[in-house]
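Overview (structure and organization)
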Amino acid sequence: MKTRKLEEILVARGSVSEEDIARALKNERTKGQPLGTALLQQGVISEDDLLEALSDQFSLPYWRDLEEKGIEQIPVSKVPITFYRQHKVFPIAYAGGVVKVAVTDPLNIQPLDDLAVFLGVPVEPVLSTERAVMGAINRFYDRETDSTEQIMQDLEEEDLGALANDVGFLPT
């Protein structure tokens, strides 16, 4: 099966005109910007338009909204938050022995290979916006931080209660 060019998909969808493509291709040549980036910066298309077209081009699902499902079954926190933020990727769902990983760039496959090794399971990409991916990362690590802080607080209270009891401040 032949992969269609991004510009063909965008024109067919009515997202851009031939003139928009010509201007963006000129920027691509002079500034070294990818076509999609040039069209975004020119305000010709939205990030959703671009990701929907990339979804068609690469036959990848596009998930606008990300909700973590089943990821507690895999060691997500084994991977540093900086890795997820730097590469704009995050495990979003786990089912059938495969992790769905939200990505913002379908051509950046090295982080997916690294994640498969880190997590010890196969991974499959799904496209999503940078905002959605970063939001998922922040939600996960905020929960992890809250959980860790609660455990530490519980331990401190338990230790203080035991200490108070040991020195006679609390009735037995």
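In what follows, the structure referred to is the one given above.
Here the structure is a predicted model, which is why all the values come from computation and not from measurement. (Residues numbered from 1 in each chain as written. Predicted model: local features only at pLDDT ≥ 70, side-chain atom pairs only at ≥ 80, totals over all residues. Heavy atoms only, no water.)

**Here we look at the overall build of the chain**
Across its full length, the chain carries 7 helices and 3 strands. Along its sequence from the N terminus, the chain presents helices and strands in the succession α-α-α-α-α-β-β-α-β-α. Considering the chain as a whole, with its 172 residues, one finds that 35% of them fall into the buried category. A fraction of 60% describes how many contacts in the chain between residues 6 or more apart in sequence connect residues 24 or more apart. (Helix = DSSP H or I, 4+ residues; strand = E, 2+ residues; numbered from the N terminus. Buried < 20%, exposed > 50% of the residue type's maximum accessible area, 1.4 Å probe, protein only. Contact = heavy atoms within 4.5 Å.)

**Details of the packing of aromatic side chains**
Aromatic ring pairs are described here by two measures, namely the spacing of the ring centres and the angle between the planes. Applying the stated criterion to the full structure yields 6 aromatic pairs. Measuring from centroid to centroid gives 6.1 Å for phenylalanine 83 and tyrosine 84, while their planes differ by 75°, and the two rings are edge-to-face. One exposure class covers both phenylalanine 83 and tyrosine 84, and it is buried. Taking 5.6 Å as the distance between ring centres and 55° as the angle between the ring planes, the aromatic pair formed by phenylalanine 90 and phenylalanine 140 counts as tilted. Of this pair, phenylalanine 90 sits in strand β1 (residues 89-95) while phenylalanine 140 sits in helix α7 (residues 130-166), placing them 50 residues apart in sequence. (Phe/Tyr/Trp six-rings, centres within 6.5 Å; stacked < 30°, edge-to-face > 60°.)

**Focus: the pattern of salt bridges**
For the structure shown, the criterion picks out 7 salt bridges. A salt bridge links arginine 13 to glutamate 52; its shortest N-O distance comes to 3.5 Å. Within this pair, whereas arginine 13 is found in helix α1 (residues 6-13), its partner glutamate 52 is found in helix α4 (residues 47-58), the two being separated by 39 residues in sequence. Here arginine 64 ties to aspartate 48 by a salt bridge, and the two come within 3.7 Å at their closest N and O atoms. One end of the pair, arginine 64, is in the loop between α4 and α5 (81-87); the other, aspartate 48, is in helix α4, with 16 residues separating them in the sequence. One connected set of salt bridges, linked through shared partners, spans Arg13, Asp48, Glu52, Asp56 and Arg64. (Salt bridge = Lys/Arg side-chain N within 4 Å of Asp/Glu carboxyl O.)

**A short note on the nonpolar core**
Core analysis: the largest hydrophobic core is formed by 44 residues, its most contacted members being Leu39, Tyr84, Phe90, Val101 and Leu115. Here this core gets 6 residues from one element, more than from any other, and that element is α7. Aside from chain neighbours lying at most four places away, what touches valine 101 is Val89, Phe90, Pro91, Ile92, Leu112, Leu115, Val123, Glu124, Pro125 and Val126. (Core = buried A, V, L, I, M, F, W, Y, C linked by side-chain atoms within 4.5 Å.)

**Overview of the pairing of β1**
Burial of β1 is extensive: 5 of the 7 residues sit out of reach of the surface. Bridge count for β1 against strand β2 (residues 98-103) is 6 bridges, and the pairing is antiparallel. The residue bridging proline 91 from the neighbouring strand is valine 101, located in β2. (Pairing = 2+ DSSP bridges.)

**Considering the sheet that holds strand β3 (residues 123-127)**
Ordered by their spatial adjacency, 3 strands build an open sheet running β1-β2-β3, and the pairing between neighbours is mixed. Edge positions in the sheet fall to β1 and β3, since each has one partner strand and no second. Geometrically, the sheet is characterised by an average inter-axis angle of 30° between neighbouring strands, direction not taken into account. (Axes fitted to C-alpha atoms, helices over the stretch in contact; angles between N-to-C directions.)

**Observations regarding the environment of arginine 85**
If you trace the backbone, arginine 85 turns up in helix α5. Between the C-alpha atoms of arginine 85 and methionine 134, which are 49 residues apart in sequence, the distance is 6.8 Å. Residues contacting arginine 85, with those up to four places away along its chain left out, are Met134, Ile137 and Asn138.

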